[in-house]
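# Observations on chain architecture
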Amino acid sequence: LNAKQTGDEYLFFCKEMDNKVKKHNLLVEQLTQAVKNNDIEVYFQPIIDIENNTVAKFESLVRWNNQGQWVSPAEFIPLAEESRVIIPLGELVLLKTCQQIKALEAQGYENFVFNVNRSLFEFTEFNPERNAWLETIKSQGVKPSQISFELTESVLAPENTNHLDVLTQLKQAGCLISLDDFGTGYSSLSYLRRFPVDVLKLDKSFIDEVHVDLGDEALVKSIIQMSRVLGIKVVAEGVEEREQLAVLTEAGCDYIQGYYFSKPLPANDVVPFLTQFSREQ
Ligand code: C2E
Ligand code: MG
Ligand code: MG
Ligand code: MG
């Protein structure tokens, strides 16, 4: 009886694994097709400059509706990375961002900076001979200074010295560099001196309790002070409460991103948001 039970369990386990693999492969296949067919959307989340209460930037965030169901980037970005679809996906996000910049420009809205996410794998595969990112920006007639590439600390790790060349190339062309999710990786403050970082994005995990936890408040304050000394601007991510905004303002934070001001918006909702925001000020 024991042996039989074990056998059944094993069979069950195999089936479950098999289903997982099948589902995984199907998702990769569907994502690949979606990217090929331009069936990917980009949403834009406003980033507010708290000194003068204006919208200064947007973060471009990819959205995928797979046959009527939204799939979270947290689920499909890893799939895109392992299947290399992240390369054309990243290109598409940048292209759609440039198109949004031009569309806003045509309606009289100029000089916003758009933040575009880039994962480590996109740097590993980067061909500096043909800088595809700069090619896209230039071919769309966008000023490189309107694009900030968001990367995580992993890109700056010591073994990735060649990524410094890529970053330097982008910087020389006029693009900005933002360090995303700051504080969640193996952050070494020395990275900030070695790499040409313009903006640091304080991870949401530091912001969540910044208004109730004195330790978090102290940490956030000292990161902001250090950044100021280094000439680096600070964005707080995931701000949802008025009390968080108050602490961050007092701490001298430069920019606020989060649901408190706005969720990521579909392209067509950006101008209505801007109109309403300026009316409320
Ligand atoms: P991220 O770059 O750190 O982006 C911020 C995430 O926080 C977004 O999630 C955004 O919707 C969410 N967020 C913003 N404000 C708030 C808030 O107040 N409360 C809460 N609870 N969440 C907030 P999203 O869009 O699901 O993206 C998740 C991650 O997927 C991103 O984190 C980024 O790492 C990755 N990702 C998204 N788009 C791209 C892309 O085009 N390329 C690459 N390589 N990665 C991307
Ligand atoms: Mg980001
Ligand atoms: Mg982030
Ligand atoms: Mg994050």
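The rules behind the values
- Residues numbered from 1 in each chain as written.
- Chains lettered and ligands numbered in written order.
- Predicted model: local features only at pLDDT ≥ 70, side-chain atom pairs only at ≥ 80, totals over all residues.
- Heavy atoms only, no water.
- Core = buried A, V, L, I, M, F, W, Y, C linked by side-chain atoms within 4.5 Å.
- Buried < 20%, exposed > 50% of the residue type's maximum accessible area, 1.4 Å probe, protein only.
- Helix = DSSP H or I, 4+ residues; strand = E, 2+ residues; numbered from the N terminus.
- Contact = heavy atoms within 4.5 Å.
- Salt bridge = Lys/Arg side-chain N within 4 Å of Asp/Glu carboxyl O.
- Donors = N, O, S within 2.8 Å, 3.2 Å for Na, K, Ca; no water.
- Axes fitted to C-alpha atoms, helices over the stretch in contact; angles between N-to-C directions.
- Parallel < 35°, antiparallel > 145°, perpendicular 65-115°, else oblique.
- Left-handed = near helix turned anticlockwise from the far one by under 90°.
- Nonpolar A, V, L, I, M, F, W, Y, C, P; charged D, E, K, R; others polar.
- Near = heavy atom within 4 Å.
- Polar contact = N/O pair within 3.5 Å; in protein donor to acceptor, adjacent residues only side chain to side chain.
- Areas by Shrake-Rupley, 256 points an atom, 1.4 Å probe, with all protein chains shown as cover.
- 1 Å grid on protein atoms, 1.4 Å probe; cavity = no way out; pocket = protein on both sides within 12 Å on 5 of 7 lines; lining within 4 Å.
- Sits in = over half its atoms within 2 Å of the grid points.
- Points joined across faces, edges and corners; volume = space filled by probe spheres on them.

With an unreviewed UniProt entry as reference, the chain is termed Phosphodiesterase, source organism Pseudoalteromonas gelatinilytica.

Take the nonpolar core next. By size, the foremost hydrophobic cluster in this structure holds 80 residues, and its most contacted members are Ile40, Ile137, Phe149, Leu156 and Ile256. Considering every element that reaches this core, the biggest residue donor is helix H3 (residues 86–106), with eight residues. Here isoleucine 256 is in contact with Pro46, Ile47, Ile48, Ile50, Ala236, Val239, Leu245, Leu248 and Phe261, once residues within four sequence places are set aside. Judged by nonpolar contacts, the second largest core, of five residues, contains Ile47, Ala56, Val199 and Val235.

Applying the stated criterion across every chain yields a total of 13 salt bridges. A salt bridge links lysine 201 to glutamate 59, with the nearest nitrogen and oxygen atoms 2.9 Å apart. Of this pair, lysine 201 sits in strand E7 (residues 199–202) while glutamate 59 is found in strand E2 (residues 54–66), placing the two residues 142 residues apart along the sequence. In terms of burial, lysine 201 and glutamate 59 fall into one category: buried. Residue lysine 204 is joined to aspartate 208 by a salt bridge in which the shortest nitrogen-to-oxygen separation is 2.9 Å. Looking at lysine 204, the relative accessible area reads 33%, which means it is partly exposed. In this structure, a network of salt bridges that share partners links the residues Glu59, Glu150, Lys201 and Glu237.

This brings us to the coordination of the magnesium ion (ligand 2). Protein ligation of the magnesium ion (ligand 2) involves Glu59 (OE), Asn117 (OD1), Glu150 (OE) and Asp180 (OD), the donor distances falling in the range 2.0 to 2.3 Å. Along the chain, the residues that donate to the magnesium ion (ligand 2) are spaced as E-x57-N-x32-E-x29-D. Separating the magnesium ion (ligand 2) from the magnesium ion (ligand 3) is a gap of 3.5 Å, bridged by aspartate 180, which donates to each. Of this pair, glutamate 59 sits in strand E2 while asparagine 117 is found in strand E4 (residues 113–117), placing the two residues 58 residues apart along the sequence.

It is at 9 Å that the axes of H3 and helix H5 (residues 132–139) come closest, and there the two elements cross at 25°. Relative to H5, the element H3 is oriented roughly parallel. Crossing handedness for the pair H3 and H5: right-handed. Across the interface between the two elements, Glu91, Leu94, Leu95 and Cys98 of H3 pack against Ala132, Trp133, Thr136 and Ile137 of H5. For the contact of H3 with H5, the per-class residue count stands at six nonpolar, one polar and one charged.

All of the protein donors around the magnesium ion (ligand 3) are Asp180 (OD), Asp181 (OD) and Glu237 (OE); their distances to the metal are 1.9 to 2.5 Å. The motif formed by the donor residues of the magnesium ion (ligand 3), counted along the single chain, is D-D-x55-E. With relative accessibility at 25%, the residue aspartate 181 sits in the partly exposed group.

Moving on, we come to the site of ligand 1. Lining the immediate environment of ligand 1, one finds 23 residues, of which Arg63, Asn117, Asp180, Glu240 and Tyr259 sit closest. Take arginine 63: an N or O atom from its side chain is 2.8 Å from an oxygen atom of ligand 1. One of the side-chain N or O atoms of aspartate 181 is found 3.0 Å from an oxygen atom in ligand 1. Surface burial for ligand 1 is 79%, taken as the share of its 810 Å² of free accessible area covered by protein chains. Of the pockets mapped on this structure, ligand 1 occupies the largest pocket. Elements with a contribution of two residues or more to the shell around ligand 1: E2, helix H2 (73–82), H3 and strand E6 (176–182).

A probe as big as a water molecule, rolled over the atoms, marks out the empty space that is left. Counted as a void, the largest pocket has a volume near 930 Å³. Residue lining of the largest pocket: 36 residues in total, with Glu59, Leu61, Pro73, Asn117 and Asp180 positioned closest to the centre. Mapped by element, the contributors of at least two residues to the lining of the largest pocket are E2, H2, H3, E4, helix H4 (120–124), strand E5 (147–151) and E6. Ranked by residue count, the leading element in the lining of the largest pocket is E2, at five residues. Taken together, the residues that form the lining of the largest pocket break down as 13 nonpolar, ten polar and 13 charged. The volume enclosed by the second largest pocket comes to roughly 170 Å³. Around the second largest pocket sit Asp49, Ile50, Glu51, Arg228, Lys233, Thr249, Gly252, Cys253, Asp254 and Tyr255, which together line it.

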